[in-house]
Structure formats: C-alpha cells, structure tokens
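Chain by chain, the residues:
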Amino acid sequence: MDYNFLKMKNTIIKLNILLIFAILFPIHVFSQSIQTTTGVGIDDLTRKYIQANAKVKTIMGFRVQIFFDSGNSSRNTAESVRSKFKAKYPSIDAYLTFKEPNFRVRVGDFRTRHEARGFLSKIQLDYPNAFVIQDEINLPGLNIPDNSENKEN
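Residues numbered from 1 in each chain as written. Predicted model: local features only at pLDDT ≥ 70, side-chain atom pairs only at ≥ 80, totals over all residues. Heavy atoms only, no water.

## Describing unusual backbone geometry
What counts here: Numbered from the N terminus, helices here are DSSP runs of H or I no shorter than four residues, and strands are runs of E no shorter than two.
Cis geometry is found at the peptide bond from Glu100 to Pro101, where omega equals 5°. Mapped onto the fold, Pro101 is located in the loop between strand E2 (94-99) and strand E3 (102-110).

Right, here's the structure in full:
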C-alpha cells in the first residue's frame, strides 16, 4: 500500500512540473515573438511607457503648512511669510496657493511623513502653528553622478 501511495505522489509531482513547464514555456516563446506578430517590440513598448510617464511631474507626498488665512490682507501676509521663509531656508521650496477663500503657504517636497515631521521639528520655534499635511509634491530630482570627469582618455 505504501508503494502505491509513493507512486501516486510521484505521478502528481511529475504532472505539476509538466503543468508549470506548459504554462511558462508559451509565455517565454510569446514574449520573444511579440515583435513578429504585432510589429511592436518590447523595447518600443518600454520607450512609449517612459515617454508617457515623463509628463508626470508630481506624486503624492507631504508638505509642512506654515500659514493659512483669509481676509483682505491675507495675500500680502502669505507673500511675506513665504519670502521670509525662503530667506531663512533657501534650499526648501515654498508654495503659496489660494483655495477660496484662503491663502496658504506650504513648504517642502517630502516623500514620507517621517521626513516632513523631521523638518517640522526644525522649524517649530519659528512657526509654532505649522503642521504636516499630505499634498501633491514635485518629483525630487535624481542625483546621478557625472562619470565623464572620471573617464580616462
């Protein structure tokens, strides 16, 4: 009886391996034949994907809101808050926006709430009412080193 059980178990294992091979092999063959059947290759599709996503300039992230007000002088006050912030923190972007009826100043382009909270703790004395808020942020630039200086002629 143990012999029949082992024989059946081996048969099931062989069938599973055959099934996996039968599924994966056509995918491999199909991916190689895309160029010939559709006239569009993987490289072309990748290039189109990159071109379409090159237009995306923002992602969801976090900013620190340092000012929020409405009223007759709120625009001037917001501009003043923004310019004073930029003078003190020139490396951090500051954004003045108007969403009726309020002007607001938000600063930074932080990918994580943790990064935004870290910056908030640095400016908390200057802006005691500031808080972290989820917002659409500009994509951070890539720091790609220029290898042309390291190449030997």
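## Notes on the sheet that holds E2
Spelled out, the test is: At least two bridges found by DSSP between two strands is the condition for calling them paired. Only the stretch in contact is used when fitting a helix axis, every axis being a line fitted to C-alpha atoms; angles between N-to-C directions are given from 0 to 180 degrees. Note on contacts: a residue pair qualifies if any of its non-hydrogen atoms lie within 4.5 Å across the two residues.
The four strands are arranged E2-E3-E1-E4 in an open sheet whose pairing can be described as antiparallel. With partners counted over all chains shown, the strands left at the sheet margins are E2 and strand E4 (131-138), one partner each. Direction aside, neighbouring strands of the sheet carry axes that sit 40° apart on average. With eight bridges joining them, strand E1 (residues 58-70) and E4 adopt antiparallel strand pairing. Each residue of the ladder has a partner; that of Met60, found in E4, is Glu136. Helix H3 (residues 74-88) rests against E1, E2 and E3 of the sheet, and its axis sits at about 125° to E1. Here helix H4 (residues 113-123) sits on the sheet in contact with E1, E3 and E4, set at roughly 30° to E1.

No statement about biological role is implied by the geometric values presented.
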